[in-house]
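# Fold and geometry: a report
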Amino acid sequence: MATVYKAKRRAPIPEDAEFLESRGKRYAVWMVGGQRKRASLTADGRCISLTSAGYVIQYFDHNGKRRKKTTRCPDRDAVERLANAL
């Protein structure tokens, strides 16, 4: 049985970020190359939480060892088919 998920990582809050609250959750909003970016703040409010664009598959190989494979694919259905093949 494989697990499919999007990886999250913490990053420092950008210097020019503004803070807003929507539906009880706090976000940082900033501009990069003319595009508006938004990321949720961590529980302590010191960092932002970034989610990867592609999915990650975790599975057990034939020896019983836990393996992790990054797919870089944004389509969950396609990634689940790949996970079933592994």
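For the structure itself, look to the data block above.
Residues numbered from 1 in each chain as written. Predicted model: local features only at pLDDT ≥ 70, side-chain atom pairs only at ≥ 80, totals over all residues. Heavy atoms only, no water.

### Points about the overall build of the protein chain
The line we're drawing: The secondary structure listing takes helices from DSSP runs of H or I that are at least 4 residues long and strands from runs of E that are at least 2 residues long, numbered from the N terminus. As a reference, a globule follows 2.2 Å times the number of residues to the power 0.38, and the radius of gyration itself is taken over C-alpha atoms. Exposure categories follow from relative accessible area, calculated using a 1.4 Å probe and restricted to protein chains: below 20% of the type maximum is buried, above 50% is exposed, and the middle band is partly exposed. We call two residues in contact when some of their heavy atoms are within 4.5 Å. All accessible areas in this document rest on Shrake-Rupley with a 1.4 Å probe, and a residue is counted as covered only by the protein chains that are shown.
When helices and strands are tallied, the protein chain shows one helix and six strands. Overall, the protein chain shows an N-to-C arrangement of helices and strands of β-β-β-β-β-β-α. Computed over its C-alpha atoms, the radius of gyration of the protein chain comes to 17 Å, more than 25% above the 12 Å expected for a compact globule of 86 residues. Going through the 86 residues of the protein chain one by one, you find that 28% of them count as buried. Taking all contacts inside the protein chain whose residues are at least 6 apart in sequence as the whole, residues at least 24 apart take part in 40%. Within the structure as shown, the protein chain displays about 6,600 Å² of accessible surface, and the carbon and sulfur contribution to it stands at 46%.

### With respect to the side chain of Thr 42
This is how it is decided: Distance and chemistry together define a polar contact, namely a pair of N or O atoms within 3.5 Å, with one atom able to donate a hydrogen and the other to accept it when in protein, and with adjacent residues in sequence counting only for side-chain atoms on both sides.
Here Thr 42 is to be found in the loop between strand S4 (35–41) and strand S5 (47–60). Polar side-chain contacts of Thr 42 include one of 2.6 Å to the side chain of Asp 44. If we ignore the near neighbours within four places in the chain, the residues touching Thr 42 are Arg 10, Cys 47 and Ile 48.

### Observations concerning unusual backbone geometry
In this structure, Arg 23 takes a positive phi of about 55° despite not being glycine. Tracing the backbone through its elements, the reader meets Arg 23 in the loop between strand S2 (18–22) and strand S3 (25–32). Judged by relative accessible area, Arg 23 falls into the exposed class, the value being 87%. If you check the backbone angles, Arg 72 has positive phi at about 60° while not being a glycine. Mapped onto the elements of the fold, Arg 72 is located in the loop between strand S6 (66–70) and helix H1 (76–85).

### Looking at the nonpolar core
Heads up, the condition is: Nonpolar cores were defined as sets of buried Ala, Val, Leu, Ile, Met, Phe, Trp, Tyr and Cys residues, with membership established by side-chain atoms within 4.5 Å.
Listed in full, the seven residues of the largest apolar core are Ala 11, Ala 17, Ala 28, Trp 30, Ala 39, Leu 41 and Ile 48. Of all the secondary-structure elements, those providing two or more residues to this core are S3 and S4. Excluding residues within four positions of it along the chain, Ala 17 makes contact with Ala 28, Val 29 and Trp 30. Membership of the second largest hydrophobic core comes to six residues, among which are Tyr 55, Ile 57, Tyr 59 and Ala 83.

### Comments concerning the packing of aromatic side chains
Rule in force here: Here a Phe, Tyr or Trp ring, Trp counted by its six-membered ring, pairs with any other such ring whose centre lies within 6.5 Å, and the pair is stacked when the planes are under 30 degrees apart, edge-to-face when over 60, and tilted otherwise. Placement of a positive charge over a ring is assigned whenever Lys NZ or Arg CZ falls within 6 Å of the ring centre and within 35 degrees of the normal to the ring plane.
Per the counting criterion, the structure on display carries zero aromatic pairs. The cationic tip of Arg 66 hangs over the ring face of Phe 60; the distance from NZ or CZ to the ring centre is 4.6 Å.

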